[in-house]
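As a plain string of letters, each chain reads:
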Amino acid sequence: MAANYRYWCGECSYRTPWQTESQGAATQAGHYARRHGRTLPGGRVEVRAKRTEGGGCVWLVALLFLVLLLASTCRGEARGAPCVPCAQPTESASLAASPRTCSSSSGGSCTVNANPKPAT
């Protein structure tokens, strides 16, 4: 049997240690006989809450891990792919001398700017 009961004296601040129900009642009766003469035992009984198996911290750590994993995944997608210079022109040879720009929205491919703005 588990020690899940503690009896409190109704006359003073005495309380029994955690014991089984029958042991606690006997200890409280002995206290009343020694300290309070012919007064009938009274007070209250405290029942210990059932212990959990733990796991509260494990769930918290797992949740934090998932949040960090999600954050690191989203951060990698937000940056996009790095621009790689074009190896060969994608348009006709006449536009090969045109300035090239890199577009990250198209997966890092190069596009030829046919109408470049003159530098000022």
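Our subject is the structure listed above.
Here goes a summary of the coordinates provided. Here the structure is a predicted model, which means the values were calculated and not measured.

Rules used throughout
Residues numbered from 1 in each chain as written. Predicted model: local features only at pLDDT ≥ 70, side-chain atom pairs only at ≥ 80, totals over all residues. Heavy atoms only, no water. Helix = DSSP H or I, 4+ residues; strand = E, 2+ residues; numbered from the N terminus. Buried < 20%, exposed > 50% of the residue type's maximum accessible area, 1.4 Å probe, protein only. Contact = heavy atoms within 4.5 Å. Disulfide = S-S within 2.5 Å. Salt bridge = Lys/Arg side-chain N within 4 Å of Asp/Glu carboxyl O. Phe/Tyr/Trp six-rings, centres within 6.5 Å; stacked < 30°, edge-to-face > 60°. Lys NZ or Arg CZ within 6 Å of the ring centre and 35° of its normal. Expected span 1.5 Å × (residues − 1).

1. Some words on the environment of Ala3
Note that Ala3 resides in the segment before β1 (5-8). Classification of Ala3 as partly exposed rests on a relative accessible area of 30%. Between the C-alpha atoms of Ala3 and Thr20, which are 17 residues apart in sequence, the distance is 4.6 Å. With sequence-adjacent residues up to four places away left out, Ala3 is seen in contact with Trp18, Gln19, Thr20 and Arg48.

2. Regarding the state of the cysteines
Structurally, a disulfide amounts to a covalent bond that connects the sulfur atoms of two cysteines. All chains considered together, the criterion is met by 0 disulfides. Between Cys12, a cysteine without a disulfide, and Cys9, which holds the nearest cysteine sulfur, the sulfur-to-sulfur distance is 3.6 Å. Among the residues examined, Cys12 registers a relative accessible area of 35% and is labelled partly exposed.

3. Looking at the pattern of salt bridges
Following the criterion strictly, the structure yields 1 salt bridge and no others. Here Glu46 ties to Arg6 by a salt bridge, and the two come within 3.1 Å at their closest N and O atoms. Within this pair, whereas Glu46 is found in strand β2 (residues 44-47), its partner Arg6 is found in strand β1, the two being separated by 40 residues in sequence. Relative accessible area serves as the criterion here: at 16%, Arg6 is assigned to the buried category.

4. So, the environment of Gly10
Its place among the elements puts Gly10 in the loop between β1 and α1 (21-35). Classification of Gly10 as partly exposed rests on a relative accessible area of 47%. As a C-alpha pair, Gly10 and Tyr32 span 22 residues in sequence and 9.6 Å in three-dimensional space.

5. Side note on the packing of aromatic side chains
The tally for this structure, following the rule as stated, stands at 0 aromatic pairs. Taking the ring centre of Trp18 as reference, the NZ or CZ of Arg48 above it sits at 4.3 Å.

6. Some details on α1
Taking 1.5 Å of rise per residue, the 15 residues of α1 would be expected to cover 21 Å, and the 21 Å separating its terminal C-alpha atoms lies within 8% of that figure. Against the buried residues of α1 lie β1. Phi for Gly37, located one or two positions after α1, is positive at around 55°.

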